[in-house]
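So the chains spell out like this:
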Amino acid sequence: MSNLDLTSLEQNAIRAVRSRQADGDSMQFWRSLEEAAAAPEFEKYLHREFPSQLAVWEDPVGRRSFLKLMAASLAFAGVTGCTRSPEEKIVPYVRSPEELVPGEPQFYATAMPRAGYGYGVLAESHMGRPTKIEGNPEHPITRGGSDAFMQASILALYDPDRSQTILHRGAIETWDVFVRAMTEEMERLRKNQGHGLRILTGTVTSPTLAAQLTDLLQALPQARWHTFESTVPESVAAGARLAFGRPVDTVLRFDQAKVVVSLDGDFLSGLAGSLKYAREFIAGRRAVSDSSAMNRLYVAECTPTITGAMADHRVAVPPSQIALLAKHILRQITPESSVAVDRELTGQPGPWLTAVIQDLREHRGASIVTTGAGQSAEVHALVHAINQSLGNVGHTVTYIDPVAVSPPQPGSGLHELVTEINVGDVQTLIILGGNPVYNAPGELNFEKLLSKVSLRLHLSDFQDETSFLCDWHIPAQHYLESWSDIRAADGTVSLVQPLIAPLYGGKSPHEILSVLAGQPTRVAHEIVHSYWQKQLSGTDFSRRWRQALHDGVIPQTAAKPVEVPFKLDLSNLVDATKKSLASDQALEIEFRPDPTVWDGEYSNNGWLQELPKPLTKITWDNVAAISPKTAERLHLSSGDLLEVTVAGRSLQTPVWIMPGQADNCVSLTFGYGRTKSGQLGTGRGSNAYSILPAGKHWFSTGTVRKLPGHHVLATTQNHHSMEGRDIVRVTTLTDVQNPPEHPAHATSHTASPQSMYAGFKYEGNAWGMVIDQTACIGCNACVVACQSENNIPVVGPEQVAVGREMHWLRIDRYYHGELDAPEVYFQPMMCVHCEEAPCEVVCPVAATVHDSEGTSNMIYNRCVGTRYCSNNCPYKVRRFNFLQFSDQTTPSLKLLRNPDVTVRSRGVMEKCSYCIQRISHARIDAKIEHLPLVPEGAVVTACQQACPTRAITFGNLANKDSEVRKLKESPLNYGVLEELKTLPRTTYLARVVNPHPNLPVPGAVPPHAPMPARPATGGKAES
Amino acid sequence: MAQIFHPGMNILAKATIFGAIFIIAGIAVAGAAFVRSPYVTQVNVVREQPVPFSHQHHVRELGLDCRYCHYGVEKSSSAGIPSTEICMGCHSQVWKDAEMLRPVRESFQNGTPLKWTRVHDLPDFVYFSHKIHVAKGVGCESCHGRVDEMPLMRRAASLHMDWCVECHRHPERAVRPKQDLFQFGVNRTTVAGVSMEPPLRAATATNFDLLDQSVADLSAPSKPGNAEELGRELVARYGIVTRQLTDCVVCHR
């Protein structure tokens, strides 16, 4: 397969791109270095067109035995037609549950916990088995949207590798024996007031759990509770304490902001409130409805994130420079500020900074400056100071009391716990969730220290690294199996209710704490219920409890804004991050959570492992991202093995050349290098936590060394290439407001098609979709939602490497412009349901056909796998089951399947169906209601439903008032490859950017570059 | 050297060549007959059940409505098999000690469900919905046959695709007035005095720009006629779009 791995050519590619760009021969949009360089190997790869269809002949079967097998197969193939279908059993209920009609799904509101915070979800249940997760429209954070983690959480429930038994020193034990052992231990502890007892949890926002912990600590005054959240460094809270003298949470209101400046803050994905932020940020950006209201985003960051990809102006700066940028901004907007600017800025940020400062000055009270978790406490304090002096506080920035409950005594992080273990103060350690052995900073050496504790207990979903070092391991409940409560980023409380009994007898942290408190018989439902009985006092508790379960939120529990005076004396602010690079080999090393497997929590989740990372499009692996310039300097190509050393600790990881990365910086992601995960997560990539310094922010300096060897990375960035045609269109806000020359109204549908085939007359419903590229943030929620809804299998890294991933919906990432600082554009791409579909006319068995409502359908039972349709598809959206990818044997995975969608077998073609099962359901309901057309809103596709920013609109084109029809009339509307007269039913709205007048226009054609054949703005009529 | 083949063999050779056509045709006919035989289709084959439930007794002799037990038929894709509780609703009072009903009582006491053998089994790639068929005037009898004459349940039709498509091409041959849906052996030929579905809802309320053109002019008075005329009238009144019924995706997806 070496001919499919293009990365080894990259050294030449970088040079070639530079020389092409210098000659003014640059490509408009490109997806990889090889493509931009027009490397001959890439052209060859392209002309092969379907590398996935290469014969992979791995079995050492000879020609003779092959012919024998074929003859036998043929003979048997005839016989299979003569069998009759096997006898099936029907097993009805003994007592049918209330309100359940077999065959119709039910929806329950609950909440998914992630990093301690709640995300309101609606879980779909088919006769008692949850099958799909959607956002809860009533929940203030999700509002019906979701992210990839929420969508994939359903797979975690049925993961066959979940921990299934209680283990005591590796031997299977029963709950009763555990309770007896724990009761004895607690009796001993009670006598000495809990001396030596430590409880370690993640972030706790559950009111019930917090109350249980408080009660336990009151009963045992010598015991301590510590918290450790692997993806929330202490700098965030420390920054607030520095600025205000007390901890507060920051709540941002992006819909009120006209100018947003992000200093290394990935607010569109990394935060507990990101779903809300993404929704509100895009609400302030839609040029379609009200173009004057569009906000402008400036981003300064080290490695490109999805927030950086959305920026109107982005600069790549090393993480250590962020503090300096913040100081400059503060100094410029408030000249009287006492902040000391001890260094001058060098290079790129100059004009960017001037524009930022000008815009911030002009938008006092209507701007937001934000930073990220990985930055130091000082930067957080500076950002608070900037927002204060811009008058944003109270308008776009509010502060609330911390949603997370902190342990009563100060200094209760992991560092303090480590110190106490070191001095021998800890005899009993109860670890409720989390996996600190894997994801504690390597410098703390937590793994070695743990053996100093005499009794260790761990509650977790998997038998992970920590479980193996603990005396007791208790399997945890999945959130769809448990009773609990949890608060969202804005403080709103949701009740967590189970949809299914624990599959493997898992326990919740409430039950473990109840055992510690000497009440081993109390179950989680009783604990949570009785807590809320006290809180929601009043006569109608039962009604309010039921209402809260139904709605998924408890009303009036959101935190109220608090006023906090700014207390920090800025002249004393020490820049803790100021460091100079000692030698040529020394680089800045930046750490961040992985965009798909996060901190390793999801490393055994096949959907998330196979989800291409938004920017690199790598699957199943993590890399060290470096800039093209640094790669040239160090003679590195993507896939080369690199040894990264930080303070004497090192790891080995493949290199990835990342256009847009800051020079002399290496970015690593957490979540890989698991040694004790399930069969999917174990042994992939390298563990960035192992070299993470124990400081309070996520960057450091280190050295790199090239190692011999090359690693083949399973990246999808070159798959399904469309050869630089006019696929993505970009326009500026100015051009939208004052359209140049021809007013652009025409859509592809007005162009008269010239077809060889007789036209098809559409009556009744006509389904169509519009994707707004201005609103797409590339977060991947739709990709996983589609996978979950449509029973799409996972194929594994080897198959991804040869281009056989099965995702019906992919998000193409296009670069534009310079190699070192390109703009990034996301384009969701799936079957566009051509009215004149090229795939349909070439199928010899009519397995892909049109229906009378305009959808192009796959009829799996007819498909014989000729793959002609895929060859003839200009959009490269058809996927073929080369092998038996769907797992049809693992019992727990059978429960996961959507019963309304066929589970495909080997040898069958498949593609986006517009969620035909949902259309069918709505059509039947409309017909029963005697409506002539399916009404607006009755069909919501899985991708549309998942999208947090509402970038995808689907509906009935036959309905005059439908949203989708209005969007199709937008001047921004265009059909991809519409010049082929395929009449796609899915069209796109051109991406609108809002550049500062004094800065170069993103997406603009450089003056020396050849003009594209078609205008860069979308939706121009073809004259 | 003597001839190996006798001249008479010529006739045999010719007969064999000519006969091959019949042999091949015979195999084809036999194959076609086989896949349509009750062995494969299970038509009229009674399957063993935990309780020898008689539809004839319950439907014809006692007059129970189909929906008393199959309560999902108007609400869901699945008609539903009654829970043990529904059986016990009556059988805790009548025939409460009958030996035949022992599995039902045991199921109710132990909480272990009865395991019935499926009689009408469509392939897994067919998505069938009871509720739309019932809503559009296809009665139980059209697919399940004279259930009221079956002491033990059996398949009345092959459930082959050609059998499904026959009706999807000509719905007028199967649809019946609303009040006959759960009746057996009814044969109406007149529209008079028969309640039917209201015509399609007025389009003005939703401001749709596209109305179904196939709906007949409903102001014309109905006149008595033959069964097929009644069928066509019903198809129009139920708002059945016949062309759409043969879209593959209506059943396969």
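Please read these numbers as outputs of a predicted model, since none were measured by experiment.

Calculation criteria
Residues numbered from 1 in each chain as written. Chains lettered and ligands numbered in written order. Predicted model: local features only at pLDDT ≥ 70, side-chain atom pairs only at ≥ 80, totals over all residues. Contact = placed C-beta atoms within 7 Å. Helix = DSSP H or I, 4+ residues; strand = E, 2+ residues; numbered from the N terminus. Pairing = 2+ DSSP bridges. pLDDT = per-residue confidence, 0-100. Buried ≥ 20, exposed ≤ 12 C-beta atoms within 10 Å, placed from the backbone.

Quick look at the interface of chain A and chain B now. Opposite the 44 residues of chain A that make contact, chain B presents 53 residues. Residue assignment for the side of chain A that touches chain B shows that the elements contributing at least two residues are strand 2 (89-90) and helix 29 (916-928) of chain A. Here the side of chain A that touches chain B takes 6 residues from helix 29 of chain A, the largest share from any one element. Of the strand pairs in this sheet, strand 2 of chain A and strand 1 (residues 116-117) of chain B are connected by 2 bridges, and their pairing is antiparallel. Each residue of the ladder has a partner; that of Ile90 of chain A, found in strand 1 of chain B, is Trp116 of chain B.

Next up on the list: the confidence of the model for chain A. On average, residues of chain A score 86 in pLDDT, and 88% of them are at 70 or above. Within the model, pLDDT remains below 50 along residues 742-751 of chain A, and this stretch shows 23 contacts once partners closer than five positions in the same chain are excluded.

Residue and element names in this part refer to chain A. Read from one edge of the open sheet, 4 strands run 38-31-40-39, paired in mixed fashion. In the strand order of this sheet, the two ends are held by strand 38 (952-956) and strand 39 (973-974), each with one partner. Inspection of the sheet shows strand 39 paired to strand 40 (residues 986-989) by 2 bridges, in the antiparallel sense. If you follow Tyr974 over to strand 40, its bridge partner there is Tyr988.

Mapped onto the fold, Arg543 of chain A is located in helix 20 (residues 541-551). The spacing of Arg543 of chain A and Ala115 of chain A is 428 residues in sequence and 31 Å in space, taken between C-alpha atoms.

Here the focus is helix 24 (residues 781-789) of chain A. Residues and elements named next belong to chain A. Burial within helix 24 is extensive, with 9 of its 9 residues counted as buried. Taken as a whole, helix 24 has its buried residues at Ala781, Cys782, Val783, Val784, Ala785, Cys786, Gln787, Ser788 and Glu789. A positive backbone phi angle near 55° is found at Asn791, which sits one or two residues after helix 24.

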